[in-house]
Every structure is written in C-alpha cells, then in structure tokens.
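# A look at the structure
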Amino acid sequence: MPVQDESAALVALLRNGRRPWQLYANLVEEAGSAIAVLERECGEQASLFGDPMREQIARAAAEIEAWSAEGMRLLTVLDPGFPENLRGVHDRPPLVFAAGRLEPGDARSVAVVGARMASARGLGAARSIAEQLVARGFTVVSGLAAGIDTAAHTSALACGGRTVGVIGTGLRRSYPPENAALQRRIAGEGAVISQFWPDAPPSRRSFPMRNAVMSGLTLATVVVEASHTSGSRMQARLALAHGRPVFLVATLLEHDWAREFSRRPGTHVVARAEEITAIVERLTSTGELVA
Amino acid sequence: MPTVAELTGLYSNFMIGPRPGPDVCSQCFNFTDGFPRCYACTHGESWLDAVVPISYSVAREQLHHALAGYKRLDGEVARRLEVALAAVLWRYLAAHERCVARASGGERFELVTTVPSSDLARDERHPLRRVVGELCGPTRDRYERLLRRSGAAVPERAFSTEKFEPARTLDGHSVLLIDDTWTTGGNAQSAAAALRRAGAGRIAAVVIGRHLNREWRHNDRRLRELARPFDWGRCAVHGAPAGAAP
C-alpha cells in the first residue's frame, strides 16, 4: 500500500471517527498502519463510515494533494518526517500540517513563550534568549503571537537562525489577524506548524492544545513574561507533564504563580540566557549518566 | 552528562508511588475492592518472593508513553527516554534496593537480570538491557543476561514455564529481576519460574510501571489520592520488616 494511502486513511479516520484524536495516534502507531485501523473501524462502525473505504481514501488523498499545492504539507505519526520530539509525548496529535520547511535539525529546539502585552524588559529578555539559542544551534519555537512570541521569532531570524511557529488555528488562518504578515514570513524562512484542519478557527480549546504541541516539539520551554492567566503558564505546566524542563526568567518571580511553580521539580529559574542552553545541552545528552 | 537527580526530578511530576493498604493487591499493588490480592495474582502463578513497582503507569499517560516509546521509537528521542528510565531505576534502587531485598527475605541481591521480551525478534535488541546493564549505576556491575526468549509458542502476556530459557545454571544465587512494565505479571512470573529452574534462590522483581487504566472502577479516585510529586524517600515496601514477603 503506498505511503500516501496511509496518510489519506488517517485523514479519513479523523474526519469520520468518533474517538479522541490522541487515541487514533496510539492506535495507528501501534498498528503501524492507518489503513488497518480504518478497516477495523469500518467494520465496527459501519454507520459512521457509510462510503466504501476505498472511496474515502481516494477523497482524502485528493484533499491532501490540494493542501500540498497550497503549500501545506501533511505529516502523520507514520511519516518519517513527523517531528521526532513530538513522538515522545503522550498527547501528541496523530498529524500536523507544516507550511515552509521543517528540518531534521529543528529537533534541537527550545520554546520561548510569554505575554502579548510585554514590557520593554521582557522583550529584551526574549530577544537575547533567542540570540543565545541561535548561537548554540537551537531552533527557536514560539506561538506567533504579539509581544514575547514576536520578539523571539524576529530576533531568531535577525541573527540568521531557524524559527518555527506553532499556531492555534488552521494554517489558512491567523489569530489575531495582525499576525498574518509574520506568519507568512516565518513560513517563508522557517516553518509554521498546526495540528488543526487548515480552515479551523481559534477556540477556547485550541490554544491549550497548541501549547501541548509546542511543548512536545521542543526540548524545553522558557517562559519570559506571563501573568497568572496566560497560556504560557499553561505551557509550563504541560512541559513538566511531558517530563521536559521549564525555565522561568528570574523577573517572573514577582508573580505568586511563578514563585509556587519554581518549586516544582524540573523547573529552573534563570537570570542569563547562557544558563538555559547549558542546562538543556546537559539534560539532553544521551551518552552516559552520572550520580 | 545529565545527573540522576536532574532527570528523575523531571519524572517526579507524573510518577505515582504505590503504597500498601487494605484495598491494594499484596503482590502487585493493583487496586482491589477489599481483596488481599487482585484477580490476576489470585489466579496466576507466584514464583516471585517480592514484587515492587516503582510507580503506577497509567494507560496513555506520560510514563506509559515513555515505557512503550523507549522500545518502539528510534533516534535521539528513544535514547533520551532510555537514559531517563535508567535514571529512575538508579535513584530508586540506590535508595530502596535494601527495602526490596528485605521484602523478599534477604539483605541484598547477588545478580541482576531483566525480563526478556515476549517477542523473540524484539528480545534480540531489547533496550532494557542497555538501561540495566550499562546506564544504571547500581545494577550494571551485577548485571547478566540470564534469560532468553525460547522458541515456544506462548501468547504475549501469558504465563509459561517454557517461555524463557536460562542461559546458565545458578547455584542458589539471589536475583533481582527488572522489567519496565507489570500488567498481569505473566512475563515476570515466567522469568522467575525459569530462574528457579536454573537453580536461583531468592527472586524479587522491581518494575518501573505497574500498568493501570484510569477508567477502571475507582482507579481514578485511588490514583488521585496518592501523593504528588513522587517521593523518592519512600517506596512501596518501605520500612517492611525483614522476611516479610507478601
């Protein structure tokens, strides 16, 4: 069975199936085939899959081709090009869409996130962290929002580094709309990733889901500036739940949530960008282990 | 090089330490409804002098994903999972190997080995051997591959005395048997039966994750009642008097 049919079978499964998406990621990975899972479900849930299976696969294959012509590449858990780090987290989506070019080196990446309404000090910190990450060969990943995210992305590009945006809508949309230009620029120079169907609008649930993918894509998450209610705080929690380190920029400790959070194992409070790269490099080296 | 304390700190956020109790299986720490043993342990074979799970591994949650992923994935992400699991085993055994030995009626273990894979082909490149035999400080000097998957046709999780073949005879040696996951205990018990046949003395199993489904009966509530983050100073058989085999 051609690989394209596996991708199409997965699209058909997600379009028609009733199970949570994460469960399909597990089922498909375990079976090593989306067609096998689709066959099983067509048998079990005949009413949901009214059309003959071949027809559904053909329809999904045509959709994938149209997305691809539009510059949106589909990567499923069965594709060798599916982001490696993302495979390591329990709540990975079964597929992501990529605009631009994801490179194997992007696995060496760190997420830099923070408030939309950021202070000059916060923006400066985001820029210097992105510069240091680029200097040490890391890809800078962020959420393409105003404020800290924009500072991290643009600073990475300005010093010739790689940057990847992870968004909470489908790739055809930008939220908020004023981020559209930056989104196009990052798709042109790095990559933009979305786990949602290309037309998906933003929703209350989509942003936390996006934060889980951003954490999963990266080796660590750095929170630069964030209030009690922010999505960045959510991402810090998700990163720890993935077993990935979290860095809090020291100035965050003025917030109660950050002081409480900094006591959790796996959290590092840092004053300098160099500390982040040194710790990430140490924690992710796989040769040996010391007491 | 990462330190054991740093890597295990990251896992403390989702590891859940089992504790003995009236509604907990006295062999494998599965949750029961007042029965001294769970269904599988009541009806299955018991060849182990102690079974000590480090954590519960809840289906589709992060520890479960790591325990499946270090075998199923390849590349750097799989190697990072391997190193992290080795760190978990290291920190736990450094603190609690004596508790485990006491629960099995002794003071220490002379040999350490791993439960082979149920699948013959997968057993040939089982990364658990690298975890226990190379990466994990407290076990690597005593590690020996004492068992291999035999050619006998035995279903994946089923118990059979023929499932594993001993590599050599043992002369009453005490053996610490390590596995990543305990579900029904079929594999670990089969491994213990084979070790016994080879002449082993005391045998205890330490498993990283005791597999559970959160949706099953009261498991969700029972899991939420257990302490978080994980307490490395305690273990499932902590403070058990010497010789108190379950």
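Since the structure is predicted, the reported quantities are computational estimates derived from the model, not experimental observations.

### Considering the overall build of chain A
The helix and strand tally for chain A stands at 12 helices and 9 strands. Relative to the 2.2 N^0.38 estimate, which gives 19 Å for 291 residues, the radius of gyration of chain A is 19 Å and therefore close to what a compact globule would have. Projected onto the principal axes, the alpha-carbon positions of chain A cover approximately 60 × 45 × 35 Å. Looking at chain A residue by residue over its 291 residues, the buried ones come to 57%. Long-range pairs, those at least 24 residues apart, make up 70% of the contacts in chain A with a sequence separation of at least 6. Charge separation in chain A, taken as the distance between the mean sites of 31 positive and 30 negative side-chain charges, equals 5 Å.

### Quick word on the interface of chain B and chain A
Opposite the 30 residues of chain B that make contact, chain A presents 32 residues. On the chain B side of the interface with chain A, the three residues burying the most area are Met1(B), Leu10(B) and Arg80(B), jointly 22% of the side's total. Seen at the junction of chain B and chain A, the total is 2 salt bridges. The salt bridge partner of Arg72(B) is Glu29(A), with a shortest N-O separation of 2.7 Å. Along the contact surface separating chain B from chain A lie 13 residue pairs in polar contact (both at pLDDT 80 or more). Within the residue set of the side of chain B that touches chain A, elements represented by two or more residues are helix 1 (4-12), helix 3 (62-72), helix 4 (76-103) and helix 6 (128-135) of chain B.

### Observations regarding the sheet that holds strand 6 (residues 191-194) of chain A
Residues and elements named next belong to chain A. Judged by pairing direction, the sheet is mixed, and its 9 strands sit side by side in the order 1-2-6-5-4-3-7-8-9 without closing on themselves. Each edge of the open sheet carries a strand with a single partner, namely strand 1 (72-76) and strand 9 (267-270). In this sheet, neighbouring strand axes are inclined to one another by 25° on average, regardless of whether the strands run parallel or antiparallel. For strand 7 (residues 220-223) and strand 8 (residues 246-249), the ladder comprises 3 bridges, and the chain directions are parallel. Within strand 8, the position partnered with Thr221 by the bridge is Val246. Sheet strands in contact with helix 8 (residues 180-189) are strand 2 (95-100), strand 5 (163-167) and strand 6, and its direction is about 110° off that of strand 6.

### Topic: the layout of surface pockets
Empty space left among the atoms is revealed by rolling a probe the size of a water molecule over them. Put simply, the largest pocket is a space of about 990 Å³. Around the largest pocket sit 29 residues that line it, and Ala68(B), Lys71(B), Arg122(B), Glu156(B) and Arg157(B) are the ones nearest its centre. Those elements giving two or more residues to the lining of the largest pocket turn out to be helix 2 (21-31) of chain A together with helix 3, strand 5 (175-182) and helix 8 (186-197) of chain B. Of all the elements, helix 3 of chain B adds the most residues to the lining of the largest pocket, at 5 residues. Split by residue class, the lining of the largest pocket holds 7 nonpolar, 11 polar and 11 charged.

### Digging into the sheet that holds strand 5 of chain B
Residues and elements named next belong to chain B. Pairing is parallel in the open sheet, where 4 strands are placed in the order 1-6-5-2. What marks the edges here is a single partner per strand, and that holds for strand 1 (50-58) and strand 2 (111-114). For this sheet, the mean inter-axis angle between neighbouring strands, taken without regard to orientation, is 20°. The strands that helix 4 touches are strand 1, strand 5 and strand 6 (203-212); relative to strand 1, the one it contacts most, it runs at about 145°.

### Section: empty space enclosed by the protein
Within the structure shown, the criterion is met by 4 cavities of 30 Å³ or more. Computed from the structure, the largest cavity encloses a volume of approximately 260 Å³. Surrounding the largest cavity, 20 residues form its lining, Gly243(A), Arg244(A), Tyr11(B), Arg80(B) and Ala84(B) being those nearest its centre. Elements with a contribution of two residues or more to the lining of the largest cavity: helix 1 and helix 4 of chain B. No other element matches the 5 residues that helix 4 of chain B contributes to the lining of the largest cavity.

### As for the packing of helix 4 of chain B against helix 6 of chain B
Helix-helix packing is characterised by the crossing angle of the two axes and by the distance between the axes. Residues and elements named next belong to chain B. Two elements in contact, helix 4 and helix 6, have axes whose closest approach is 9 Å; the angle formed by their N-to-C orientations is 50°. In terms of axis orientation, helix 4 runs oblique to helix 6. For the element pair helix 4 and helix 6, the recorded crossing hand is right-handed. The segment helix 4 lies against helix 6, with Arg79, Glu82, Val83, Leu85, Ala86, Leu89 and Trp90 engaging Arg130, Val131, Val132 and Leu135. In the contact of helix 4 with helix 6, the residues fall into 8 nonpolar, no polar and 3 charged.

### Quick word on the packing of aromatic side chains
One pass over the full model with this rule turns up 9 aromatic pairs over all chains. Residues Phe31(B) and Tyr56(B) carry aromatic rings whose centres are separated by 5.0 Å and whose planes lie at 40° to one another, so their mutual orientation is tilted. Of this pair, Phe31(B) sits in the loop between helix 1 and helix 2 (39-43) while Tyr56(B) sits in strand 1, placing them 25 residues apart in sequence. Judged by relative accessible area, Tyr56(B) falls into the buried class, the value being 1%. Ring pairs connect the aromatic residues Trp21(A), Trp67(A), Phe97(A) and Trp197(A), which therefore count as one cluster.

Criteria and thresholds
- Sequence order sets the numbering: in each chain, residues are counted from 1 along the sequence as written.
- Key to labels: chains lettered from A, ligands numbered from 1, both in the order written.
- Two thresholds apply to this predicted model, a pLDDT of at least 70 for residue-level local features and 80 or more for giving and counting side-chain atom pairs, whereas whole-chain, interface and lining totals are computed over all residues.
- Based on all heavy atoms of the structure, the side-chain values leave hydrogens and waters out of the count.
- By the criteria applied, helices consist of DSSP H or I runs no shorter than four residues and strands consist of E runs no shorter than two, each listed in order from the N terminus.
- To get the radius of gyration, use the C-alpha atoms; to get the globule rule, take the number of residues to the power 0.38 and multiply by 2.2 Å.
- For every residue, the accessible area (1.4 Å probe, protein chains only) is compared with the maximum for its type, and the residue is labelled buried under 20%, exposed over 50%, or partly exposed between those bounds.
- We call two residues contacting when some pair of their heavy atoms lies within 4.5 Å.
- Neither His nor the chain termini are counted; the positive set is Lys and Arg, and the negative set is Asp and Glu.
- A single reference atom marks each charge: NZ on Lys, CZ on Arg, CG on Asp, CD on Glu.
- Defined in terms of a 1.4 Å probe, buried area is the accessible area two parts forfeit on being brought together, summed over both.
- Here a salt bridge means any side-chain nitrogen of Lys or Arg lying within 4 Å of a carboxyl oxygen belonging to Asp or Glu.
- Contacts described as polar in this section are N or O atom pairs within 3.5 Å, which, within protein, must combine one atom able to donate a hydrogen with one able to accept it, while residues neighboring in sequence count only if both atoms come from side chains.
- A pair of strands is labelled paired if DSSP reports no fewer than 2 bridges between them.
- Helix axes are fitted only over the stretch in contact, all axes being lines through C-alpha atoms; the angle between N-to-C directions runs from 0 to 180 degrees.
- Grid points spaced at 1 Å and placed over the protein atoms alone form the basis of the search, with a cavity being a set where a 1.4 Å probe fits but cannot get out and a pocket an open set showing protein on both sides within 12 Å along at least five of seven lines. Lining residues have an atom within 4 Å of a point.
- Grid points are joined across faces, edges and corners, and a volume is the space filled by probe spheres set on the points.
- Classification used: nonpolar for Ala, Val, Leu, Ile, Met, Phe, Trp, Tyr, Cys and Pro, charged for Asp, Glu, Lys and Arg, polar for all others including Gly.
- Angles are sorted into four bins: roughly parallel if under 35 degrees, roughly antiparallel if over 145, roughly perpendicular if 65 to 115, and oblique for all others.
- Handedness of a helix crossing follows the sense of rotation of the near helix relative to the far helix, less than a right angle counterclockwise being left-handed and clockwise being right-handed.
- Only Phe, Tyr and Trp rings are paired, with Trp represented by its six-membered ring, and only when their centres lie within 6.5 Å; those with planes under 30 degrees apart are stacked, over 60 edge-to-face, the remainder tilted.

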